[in-house]
Amino acid sequence: MNIRDRRAITDSAKQSLANAKGDPKKILLIYLAIVTGLSLAVALISMLLSNRIADTGGLGNMGLRSVLSTAKSILPMLQSIILLGLEIGYCTMALNITRGAPVSNDTLFGGFRRFFPLLRAQILLSFLYLGLGLLAVYPGAYIFLMLPISKKFYEAFTPVMESASQLTGTLTIDEATMAVLSEAMQPALWIMGALFMVLFIPTHYRYRMVTYRLIDQPHPGALRALRESRTMMRRNRFALFRLDLKLWWFYALQGLTVALCYGDMLIPALGITLPWSENVTYFVFLGLSLLVQFVVYYLFMNRVSVTYATAYTTLIPREEPKKPTPAQAWQDQY
């Protein structure tokens, strides 16, 4: 079996899941309960902090306002940290199921033992993707300025340049002009985004196996995992992309949950007014999103995760057993 044999990978994943030594459904239920409860708690606490910050006006409450703002900004970070540790634990469970190893609740929470290597790997990848974004900005802006669609931008920006101070070269832009420039720059953002995706997608597939490499390393290291993932995915990126396409329905359902999560923004854009406050609308769509996500993940996430773990195992080189030489054949192999 190899990563290009998608049917064999999915069939093997189904068989491994059916023969799992443990209760993957129970482990997934614990995972989803934590994720869902944490998302609701962070959203509720953030709203309460926002309301409290709005009530702390004046210089006398500056210190309290600063503390509350700091707490509000830290909440998403804490959520990401917990989810990162659970993610590697859940991937460990999927990999153990693929290999016929027993799984339990300890498998899920055991991922926190490899949290810091995964965090370092994620930070390195973040800097890498940021660099790709910067690489996309300059050629994207150049392409935009060379195309006819930039005419509106030139018409708005030329008077600003002509009115600049000849002594200091300072540009003065009022709010109306800034709004016109922002609208005129929209095509440039689409061009930059397209260039970024051209750079991002192949790079992202190159490092898709980082988490699994961290799980398999006895002494996990971020740089080593990045290097090994890059080596494993050489000439295999398109095969993994085709496996993603086979699971398109799962990603479509994920897209539905994201659309529901941002329903409080989409509804006003469609000209629909709901008979309650914005906060209620936000929590209604957040609750619907988390409910749909919970159901989708509970029904399909184990199957999808074990499928990707199976794909990973096909990329691990299998070493042939070494035959003892005649001079060593008499030695005790134990």
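The model shown is predicted, which means the values in this text are computed figures rather than measured ones. Residue numbers here run from 1 along each chain, matching the order of that chain's written sequence. In keeping with the model being predicted, local features are shown solely for residues with a pLDDT of at least 70 and side-chain atom pairs are shown and tallied solely at 80 or more, while totals for entire chains, interfaces and linings include all residues. Note: side-chain values were computed over all heavy atoms of the structure, leaving out hydrogens and water.

Enquirer: Could you clarify how one ought to interpret the overall build of the chain in this entry?
Expert: In terms of helices and strands, the chain carries 14 helices and zero strands. Listed by position from the N terminus, the elements making up the chain come as α-α-α-α-α-α-α-α-α-α-α-α-α-α. Here, residues are in contact when the closest pair of their heavy atoms is within 4.5 Å. Summarising the internal contacts of the chain: among those between residues at least 6 apart in sequence, 76% fall at separations of at least 24. Reported accessibility uses the Shrake-Rupley method at a 1.4 Å probe radius. Residues are deemed covered only where the shown protein chains occlude them. Counting only carbon and sulfur atoms, one obtains 65% of the accessible surface of the chain, whose full area is about 20700 Å². Helical segments are the DSSP runs of H or I of at least four residues, strand segments are the runs of E of at least two, and each set is numbered from the N terminus.

Enquirer: What exactly am I supposed to notice about the packing of aromatic side chains here?
Expert: The description of an aromatic ring pair uses the distance of the two centres, along with the angle that the planes make with each other. We call Phe, Tyr and Trp rings a pair once their centres come within 6.5 Å, taking the six-membered ring for Trp, and we label the pair stacked below 30 degrees between planes, edge-to-face above 60, and tilted otherwise. Under the counting rule described, the total for this entry stands at 14 aromatic pairs. Measuring from centroid to centroid gives 6.1 Å for tryptophan 249 and phenylalanine 250, while their planes differ by 80°, and the two rings are edge-to-face. Exposure is judged per residue with a 1.4 Å probe applied to protein chains only, and the accessible area is read against the type maximum: over 50% gives exposed, under 20% gives buried, and values in between give partly exposed. Judged by relative accessible area, which is 21%, tryptophan 249 ranks as partly exposed. A residue is classified by how much of its surface remains accessible, and phenylalanine 250, at 5% relative accessible area, is buried. Only when the NZ atom of a Lys or the CZ atom of an Arg is both within 6 Å of the ring centre and within 35 degrees of the ring normal do we say a charge sits over the ring. The ring centre of tyrosine 298 lies 4.4 Å from the NZ or CZ of lysine 25, which sits over that ring. In this structure, arginine 208 packs its charged tip against the face of tyrosine 308, placed 5.3 Å from the ring centre.

Enquirer: What should I look at first to understand a positive patch on the surface in this one?
Expert: Taken together, Arg7, Lys14, Lys246 and Arg303 make up a surface patch of like positive charges. Tracing the backbone shows lysine 246 in helix H11 (residues 237–246). Only residues above 30% relative accessible area that lack a salt bridge enter a patch, with like-charged residues linked at up to 9 Å and the nonpolar side chains Val, Leu, Ile, Met, Phe, Trp and Tyr linked at up to 5 Å. Here a salt bridge means any side-chain nitrogen of Lys or Arg lying within 4 Å of a carboxyl oxygen belonging to Asp or Glu. Just so you know, the count uses Lys and Arg for positive and Asp and Glu for negative, and it drops His and the chain ends. Charge positions come from single atoms, namely NZ of Lys, CZ of Arg, CG of Asp or CD of Glu.

Enquirer: What should I look at first to understand the pattern of salt bridges in this one?
Expert: A pair can form between side chains of opposite charge whenever their charged atoms are brought close. Applying the stated criterion across every chain, the model contains six salt bridges. Arginine 208 is the partner of aspartate 244 in a salt bridge, and the nearest nitrogen-oxygen pair spans 3.0 Å. Residue aspartate 244 is located in helix H11, and its partner arginine 208 is located in the loop between helix H8 (186–206) and helix H9 (210–216); the two are separated by 36 residues in the primary sequence. Among the residues examined, aspartate 244 registers a relative accessible area of 7% and is labelled buried. We note a salt bridge from glutamate 228 to arginine 213, for which the minimum N-O separation is 2.8 Å. Highlighted residues: glutamate 228 in helix H10 (residues 222–232) and arginine 213 in helix H9, separated in sequence by 15 residues. What makes glutamate 228 buried here is its relative accessible area of 17%.

Enquirer: In this structure, what is going on with a nonpolar patch on the surface? I would like to understand it.
Expert: A surface patch of nonpolar side chains, about 650 Å² in accessible area, is lined by Tyr142, Ile143, Leu145, Met146, Leu147, Ile149 and Tyr154. Examining the composition of the nonpolar patch, we find that four residues originate from one element, helix H5 (residues 115–146), more than from any other. Locating isoleucine 143 in the fold gives a position in helix H5.

Enquirer: What's the story with unusual backbone geometry in this structure? I'm lost.
Expert: Residues other than glycine predominantly adopt negative phi, and peptide bonds predominantly adopt the trans conformation. We note that arginine 235 has phi near 65°; this positive angle belongs to a residue other than glycine. For arginine 235, the position within the fold is in the loop between H10 and H11.

Enquirer: Would you mind showing me how to read the confidence of the model for the chain here?
Expert: Note: predicted coordinates in regions of low pLDDT should not be interpreted at a detailed level. Per-residue confidence from the predictor is reported as pLDDT, a score between 0 and 100. Summarising the model, the chain shows a mean pLDDT of 85, and 90% of its residues fall at 70 or more. When the criterion is pLDDT under 50, residues 319–334 qualifies, and its contacts beyond four places in sequence or with other chains add up to two contacts.

Enquirer: Would you take a moment to explain the packing of helix H2 (residues 24–54) against helix H3 (residues 62–98) for this structure?
Expert: Helices that pack against each other are described as a pair by the angle of their axes relative to one another and the distance between those axes. Across the interface, H2 lies against H3 with an axial gap of 10 Å and an inter-helix angle of 170°. When the axes of H2 and H3 are compared, the pair comes out roughly antiparallel. Every angle, taken between N-to-C directions, lies between 0 and 180 degrees, and every axis is a line fitted to C-alpha atoms, over only the stretch in contact when it is a helix. Just so you know how the angles are binned, under 35 degrees is roughly parallel, over 145 roughly antiparallel, 65 to 115 roughly perpendicular, and the rest oblique.

Enquirer: What is the right way to read the side chain of threonine 310 from this model?
Expert: Tracing the sequence through the fold places threonine 310 in helix H14 (residues 278–315). What makes threonine 310 buried here is its relative accessible area of 1%. Not counting chain neighbours up to four residues away, the residues in contact with threonine 310 comprise Met1, Ile9, Ser12, Ala13 and Thr98.

Enquirer: How do you make sense of H11 when you look at a structure like this?
Expert: Side chains of residues three or four places apart in an α-helix project in the same direction, reflecting 3.6 residues per turn. Among all positions of H11, only Ala239, Leu240, Leu243 and Asp244 are buried. Buried residues of H11, viewed axially, fall in a sector of 150°; they line one side. Where H11 is buried, its residues meet helix H1 (6–18), H8, helix H12 (248–261) and H14. Throughout, the arc means that of the directions going from the helix axis to the C-beta atoms.

Enquirer: Please clarify how the nonpolar core should be interpreted in this entry.
Expert: A general trend in soluble globular proteins is that nonpolar side chains are found buried together. Membership of the largest hydrophobic core comes to 54 residues, with the highest contact counts inside it found for Tyr31, Tyr212 and Leu240. If one sorts the elements of this core by residue count, H14 sits on top with ten residues. Setting aside its immediate chain neighbours within four residues, leucine 240 contacts Ile3, Tyr205, Arg208, Met209, Met233 and Tyr308. Among buried residues, the Ala, Val, Leu, Ile, Met, Phe, Trp, Tyr and Cys ones that are joined through side-chain atoms within 4.5 Å form a nonpolar core.

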